[in-house]
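# Report on the structure
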Amino acid sequence: MTSETGNGKSAVLGLQHLLAMYAGAVAVPLLIGTGLGFNEAQMTYLISIDIFMCGVATLLQLTVNKFFGIGLPVVLGCAIQAVAPLILIGQTQGVGTVYGSIIAAGIFVVLISGFFSKVEKLFPPIVTGTVITTIGLTLIPVAITKMGGGDAANKTFGDPTNLLLAFVTILLILAIQVFGRGFVRSIAVLVGLVGGTVLAALLGQVDLAAIGHAPMFHVPQPFYFGTPKFEPFSILLMIIISIVSMVESTGVYFALGDIVGKQVKEDDLKRGYRAEGLAVILGGLFNTFPYTGFSQNVGLVQLSGIKTRRPIYFSAIFLIILGLFPKVGALAQIIPEPVLGGGMLVMFGMVAVQGMKMLSKVNYNDEKNLLIIAISIGFGLGFNAMPTLFSKLPETVQMFTGNGIVMSSLSAIILNLLFHGYKRETKIENGAA
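Residues numbered from 1 in each chain as written. Predicted model: local features only at pLDDT ≥ 70, side-chain atom pairs only at ≥ 80, totals over all residues. Heavy atoms only, no water.

### A short note on the overall build of the protein
A count of helical and extended segments in the protein gives 18 helices and two strands. For 433 residues, the compact-globule estimate of 2.2 N^0.38 gives 22 Å, and the protein sits close to it at 21 Å. Principal-axis analysis of the C-alpha atoms gives the protein an extent of 60 × 55 × 45 Å. Counting only residues that meet the buried cut, the protein has 56% of its 433 residues in that class. Here the analysis covers contacts within the protein between residues at least 6 apart in sequence; of these, 84% occur between residues at least 24 apart. Of the accessible surface of the protein, which amounts to about 17500 Å², a share of 67% is contributed by carbon and sulfur atoms. For the protein, the distance from the average site of its 25 positive side-chain charges to the average site of its 20 negative ones is 8 Å. (Helix = DSSP H or I, 4+ residues; strand = E, 2+ residues; numbered from the N terminus. Rg over C-alpha atoms; globule rule 2.2 N^0.38 Å. Buried < 20%, exposed > 50% of the residue type's maximum accessible area, 1.4 Å probe, protein only. Contact = heavy atoms within 4.5 Å. Areas by Shrake-Rupley, 256 points an atom, 1.4 Å probe, with all protein chains shown as cover. Lys, Arg positive; Asp, Glu negative; His and termini not counted. Charge placed at Lys NZ, Arg CZ, Asp CG, Glu CD.)

As structure tokens, this is what we get:
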């Protein structure tokens, strides 16, 4: 299928990208707002500005100039790894300190973007492929939980109706992929989500309350929650989280570069990190949260076969519009959890497959490479499944060990350096001796 599309088709593809990332985008403000005890009005602002700023942050990455923008079909959303630290900061230091630490972390990312881009050689295919595979496999349990209803502790979890909705969504996506042609095939996930939601509505499983409670229009306001405050420990905590996000985004950039056939170079990474840093600064100013590249949209680019940025521009514009009109934005909230879970299972699976595809460049005759992949994926999946393994260690250490993606990244980088040294073109690529 061609990677070129007209505006109409690109708009529909952009909507598909929006729906793919929407649940992950609103999850962060929902979790943090709930953790900090925000009232309904504050939560409405938080979700609306989050959607708005996701669009702005995505535009920063799409728009390539001398200073920022990586120019890949990447969608930015709130970093889920920031949830626990920000709740901790907010509960102990206040909301002002939350946003002061975010602003400071964004400035830090901009300042170190040049240095961080120079370590691109730390990410050969064996590292990026391992990390992307781990990201996909780590996210699959999230999709499975949503397929059951979203809350494993709820007595309705795994209800036959939930399973029906999830599997119908998956079957619709598969059917479109197998029997669809051209453009219809490229929007298989969107068709699955819409079809699953229609079935859910017929079964009385769609709740329209979110639309009724949302205001008609909303204007983003800087410093909505008050003046930012800057506290050293909180800033250090958010800087650590920002570095984690940069590592994760690096994997997303290389995965997208591999899909679209573009070699991601040092200058590309520098502009990408700067755009991410600017987005984080704006997030702090407008009282939302840090941003990172969303891996679920990597799966969509791979699945749809559309490799241009045009659909992502539409997605960014839609996000900005939805952020201004909360009632319209609330439409996406009516998609039931099992339907989202079915779509997410396909997309996260595609992310894992993309990582495996990148690992196909690795020379498996070298047992050192087998060890790098085995240990790194083992750390990633194992530590993420059982973060309490390190509960006796300091909280700062637990921030790393409890994040499977971070542990997978660190182990892959360190082991690759140990076995192969600091060079990108080695025998681990293309099976060369």
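Having seen it, we continue.
### A word on a nonpolar patch on the surface
Residues Met216, Phe217, Val219, Ile317, Ile321, Phe325, Val328 and Leu331 make up a contiguous nonpolar surface patch of about 710 Å² in total accessible area. With respect to the secondary-structure elements, Val219 resides in the loop between α9 (209-213) and α10 (232-260). (Patch = residues over 30% accessible without salt bridge, like charges linked within 9 Å, V, L, I, M, F, W, Y side chains within 5 Å. Salt bridge = Lys/Arg side-chain N within 4 Å of Asp/Glu carboxyl O.)

### What to know about the pattern of salt bridges
Under the definition given, this model contains five salt bridges. For Lys361, the salt bridge identified is with Asp258, shortest N-O distance 2.8 Å. Here Lys361 is found in the loop between α15 (337-359) and α16 (367-385), whereas its partner Asp258 is found in helix α10, with 103 residues between them in sequence. What makes Lys361 partly exposed here is its relative accessible area of 32%. As a salt-bridge pair, Lys262 and Asp268 come within 3.8 Å of each other at their nearest N and O atoms. For Lys262, a relative accessible area of 31% puts it in the partly exposed group. Residue Asp268 is classed as buried on the basis of its relative accessible area, which comes to 9%.

### Regarding the nonpolar core
Core analysis: the biggest nonpolar cluster contains 117 residues, and Leu86, Ile102, Met238, Phe289 and Tyr291 have the highest contact counts within it. Those residues in contact with Met238 that lie beyond four places of it in its chain are Ala82, Leu86, Ile89, Ser101, Ile102, Ala105 and Pro290. (Core = buried A, V, L, I, M, F, W, Y, C linked by side-chain atoms within 4.5 Å.)

### Focus on the confidence of the model for the protein
Regions with low pLDDT should not have their predicted coordinates read in detail. With 93% of its residues at a pLDDT of at least 70, the protein reaches an overall mean of 84. Segment residues 425-433: pLDDT under 50, and 21 contacts once partners within four positions in sequence are set aside and those in other chains are kept. (pLDDT = per-residue confidence, 0-100.)

### As for helix α13 (residues 310-324)
Its 15 residues give α13 an end-to-end C-alpha distance of 22 Å, which sits within 8% of 21 Å, the value for a rise of 1.5 Å per residue. The set of residues buried in α13 consists of Pro311, Ile312, Ser315, Ala316, Leu319, Ile320, Leu322 and Gly323. (Expected span 1.5 Å × (residues − 1).)

### A word on the state of the cysteines
A covalent bond bridging the sulfur atoms of two cysteines is what the word disulfide describes. In the structure shown here, the tally under the stated rule is zero disulfides. We note that Cys54 lacks a disulfide partner, and the nearest cysteine sulfur, in Cys78, lies 4.9 Å from it. For Cys54, a relative accessible area of 0% translates into the label buried. Residue Cys78 is classed as buried on the basis of its relative accessible area of 1%. (Disulfide = S-S within 2.5 Å.)

### Looking at the environment of Val109
Secondary-structure assignment places Val109 in helix α4 (residues 95-117). The exposure class assigned to Val109 is buried, which follows from its relative accessible area of 2%. A C-alpha to C-alpha distance of 8.4 Å links Val109 and Met246, two positions 137 residues apart in sequence. When sequence neighbours within four positions are dropped, the list of residues in contact with Val109 reads Ser242, Met246, Tyr273 and Gly277.

### Some words on the packing of aromatic side chains
Enumeration over the complete set of coordinates arrives at twelve aromatic pairs. Taking 4.8 Å as the distance between ring centres and 20 degrees as the angle between the ring planes, the aromatic pair formed by Phe38 and Phe225 counts as stacked. Of the two residues, Phe38 is situated in the loop between α1 (7-35) and α2 (40-62) and Phe225 in the loop between α9 and α10; the sequence distance between them amounts to 187 residues. This pair shows no difference in class: Phe38 is buried, exactly as Phe225 is. Ring centres of Tyr224 and Phe225 lie 4.9 Å apart, and the angle between their planes is 85 degrees; this geometry places the pair in the edge-to-face category. Given the relative accessible area of 31%, Tyr224 is considered partly exposed. A relative accessible area of 17% means that Phe225 is categorised as buried. A network of ring pairs unites the aromatic residues Phe38, Tyr45, Tyr99, Tyr224, Phe225 and Phe289 as a single cluster. (Phe/Tyr/Trp six-rings, centres within 6.5 Å; stacked < 30°, edge-to-face > 60°.)

### Here we look at the side chain of Thr197
With respect to the element layout, Thr197 can be found in helix α8 (residues 188-202). On the basis of relative accessible area, Thr197 is assigned to the buried category, the value being 12%.

### A closer look at unusual backbone geometry
The residue Phe223 is not glycine, and still its phi comes out positive at about 55 degrees. With respect to the helices, strands and loops of the structure, Phe223 is situated in the loop between α9 and α10. Accessibility expressed as a relative area gives 39% for Phe223, which makes it partly exposed.

### Regarding the packing of helix α5 (residues 125-148) against α10
The geometry of a pair of packed helices is captured by two quantities: the angle between their axes and the separation between those axes. With their axes 9 Å apart at the nearest point, α5 and α10 run at an angle of 105 degrees to one another. With respect to α10, the element α5 is oriented roughly perpendicular. Within the contact between the two elements, α5 uses Thr128, Ile132 and Ile135 and α10 uses Glu248, Gly251, Val252, Phe254 and Ala255. Grouping the amino acids of the contact of α5 with α10 by side-chain chemistry returns five nonpolar, two polar and one charged. (Axes fitted to C-alpha atoms, helices over the stretch in contact; angles between N-to-C directions. Parallel < 35°, antiparallel > 145°, perpendicular 65-115°, else oblique. Nonpolar A, V, L, I, M, F, W, Y, C, P; charged D, E, K, R; others polar.)

### Some words on α16
Three- or four-residue spacings in an α-helix give side chains the same orientation, since the helix completes a turn every 3.6 residues. The end-to-end C-alpha separation of α16 is 27 Å, in line with the 27 Å expected for 19 residues at 1.5 Å each. Capping the start of α16 is the job of one residue whose side-chain oxygen sits 2.9 Å from the backbone nitrogen of Lys368: Asp366. (Polar contact = N/O pair within 3.5 Å; in protein donor to acceptor, adjacent residues only side chain to side chain.)

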